[in-house]
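Examining the three-dimensional arrangement
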Amino acid sequence: MSVNHYENFPVGSLVLPRRLRKPVHAVYAFARTADDIADEGEVADAVRLCRLEELQKELDTVSRGETPKSALMQRLQREAVRPFAMPLQPFYDLLDAFKQDVVKKRYQDFGELVDYCRKSANPVGRMMLHLYGETDSRSIAQSDGICTALQLINFWQDVALDWQKGRVYLPQEDLQKFGVTEAQIGEGRVDFAFQRLMAYECDKAHKMLKAGSPLGKTLKGRTGLELRMIILGGQRIVHKLEENKYDVFRARPKLGAKDWWQIVRRAVLKK
């Protein structure tokens, strides 16, 4: 399964141990629902924020140990929070990120963007680590690096799609540095300046992904295999962007059957 801004997180695959599939699916359903509220359809921003607030109130109910009203949150409480004693802060962080998506359409610099990823992507990894029983500081730091990198890679895949939604995740500071304008993004014009900008952003994301990649070998069994597949998938997207000369306007890079065959093979062999 995949979600919009979590496309590079193939959560809940059959590679996961059976005991973790239900809680992972429940977490996915929460993230997917909140993401849809913030991003899908033709709805006023005020309505989106109101619906996200309603979801947060349901989360508050769970935090008090009471039974929430919605089937979505009852499932999350029943299949993930209670049996695994999951901390709720990552869920609150996700909601904060989705609210931010509604009201914030530009990011001044890379640090500001990474701070957004801290709330929008890193909680996913931290939830998974909790379910895996790996909560040491080193594993958390590596997971944060992987998740932030995957979120960034997803942004660079979706420059054209995000533009259509009125969003630009490429930092304004970097646009100025490389001489790329928003008008150029709107035109879908790929020149040397745009290619240099995208190569610069992709290189930073790739280095972050590589720095966190030892976690894929630290985690044992199916969980380690799942994470290695995720990491290799992110790396492959970066390679596809490079191969396509960063023209995300005419062909959005995505993983096909051949890519997944290579990814599974390398993940099994731990290459």
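Scroll up to find the structure this text is about.
Residues numbered from 1 in each chain as written. Predicted model: local features only at pLDDT ≥ 70, side-chain atom pairs only at ≥ 80, totals over all residues. Heavy atoms only, no water.

1. Considering helix H6 (residues 122-132)
Stated precisely, the cut-off is as follows: Only protein chains enter the calculation, and the probe is 1.4 Å; a residue is then buried if its accessible area is under 20% of its type maximum, exposed if over 50%, and partly exposed in between. The helix and strand labels rest on DSSP assignments: H or I over at least four residues marks a helix, E over at least two residues marks a strand, and numbering proceeds from the N terminus.
Along H6, nine of the 11 residues are buried, which leaves the element largely enclosed by surrounding structure. Count one or two residues on from H6 and you reach Gly133, which has phi positive near 80 degrees.

2. Details of the nonpolar core
The tendency in soluble globular proteins is for nonpolar side chains to be buried as a group. Operational definition: In this description, a nonpolar core means a group of buried Ala, Val, Leu, Ile, Met, Phe, Trp, Tyr and Cys residues linked to one another through side-chain atoms lying within 4.5 Å. Between two residues, a contact is recorded if the distance between any of their heavy atoms is within 4.5 Å.
Formed by 72 residues in total, the largest nonpolar core has its most connected members in Leu76, Phe91, Trp156 and Leu170. Looking at which element gives the most residues to this core, the answer is helix H1 (residues 18-39), with 10 residues. Those residues in contact with Phe91 that sit more than four places away from it in its chain are Val27, Phe30, Leu59, Leu76, Met86 and Met127. Formed by five residues, the second largest nonpolar core is a distinct cluster that contains Leu225, Leu232, Ile263 and Ala267.

3. What about unusual backbone geometry?
Positive phi, normally seen in glycine, also occurs at Lys245, with a value near 55 degrees. Tracing the backbone shows Lys245 in the loop between helix H13 (221-243) and helix H14 (257-269). In this structure, Tyr246 takes a positive phi of about 65 degrees despite not being glycine.

4. Here's the deal with the packing of aromatic side chains
Threshold: Each pair of aromatic rings taken from Phe, Tyr and Trp, with Trp reduced to its six-membered ring, is defined by centres within 6.5 Å and is described as stacked if the planes are under 30 degrees apart, edge-to-face if over 60, and tilted in the remaining cases. Charge-over-ring contacts are defined here by two conditions on Lys NZ or Arg CZ: a distance within 6 Å of the ring centre and an angle within 35 degrees of the ring normal.
Scanning the entire structure with this criterion turns up nine aromatic pairs. Here the aromatic rings of Tyr107 and Tyr116 are separated by 5.7 Å at their centres, their planes lie at 50 degrees, and the arrangement is tilted. The pair Tyr107 / Tyr116 is uniform in exposure class, with both members buried. Members of the aromatic cluster, joined through ring pairs, are Tyr107, Tyr116, Phe155, Trp156 and Tyr169. A cation over an aromatic ring shows up here: Lys104 above the ring of Tyr107, its NZ or CZ 5.0 Å from the ring centre. Its guanidinium or amino end placed over the ring of Phe110, Lys204 lies 3.7 Å from that ring's centre, counting from NZ or CZ.

5. Concerning the environment of Ile153
Summarising the element assignment, Ile153 is placed in helix H7 (residues 137-157). C-alpha of Ile153 to C-alpha of His206: the two residues are 53 residues apart in sequence and 8.2 Å apart in space.

6. Observations regarding the side chain of Gln184
Within the element layout of this structure, Gln184 appears in helix H10 (residues 182-187). Leaving out residues up to four positions away in the same chain, Gln184 has contacts with Gly179, Arg189, Asp191 and Phe194.

7. Some details on the packing of H1 against helix H3 (residues 71-84)
Just so we agree on the cut-off: Orientation is described by axes fitted as lines to C-alpha atoms, over the contacting stretch for helices, and by angles from 0 to 180 degrees between their N-to-C directions. In these notes the angle categories are as follows: under 35 degrees is roughly parallel, over 145 is roughly antiparallel, 65 to 115 is roughly perpendicular, and the rest is oblique. Crossing handedness is read from the near helix: turned anticlockwise from the far helix by less than a right angle, it gives a left-handed crossing, and turned clockwise, a right-handed one. Each residue receives one of three labels: charged for Asp, Glu, Lys and Arg, nonpolar for Ala, Val, Leu, Ile, Met, Phe, Trp, Tyr, Cys and Pro, and polar for the others, Gly being one of them.
In contact at an axis separation of 9 Å, H1 and H3 are set at 135 degrees when each is read in the N-to-C sense. Between H1 and H3, the angle falls in the class oblique. The handedness of the crossing between H1 and H3 comes out as left-handed. Across the interface between the two elements, Arg19, Leu20, Lys22, Pro23, His25, Ala26, Val27, Ala29, Phe30 and Thr33 from H1 touch Leu72, Met73, Arg75, Leu76, Glu79, Ala80 and Phe84 from H3. In the contact of H1 with H3, the residues fall into 11 nonpolar, two polar and four charged.

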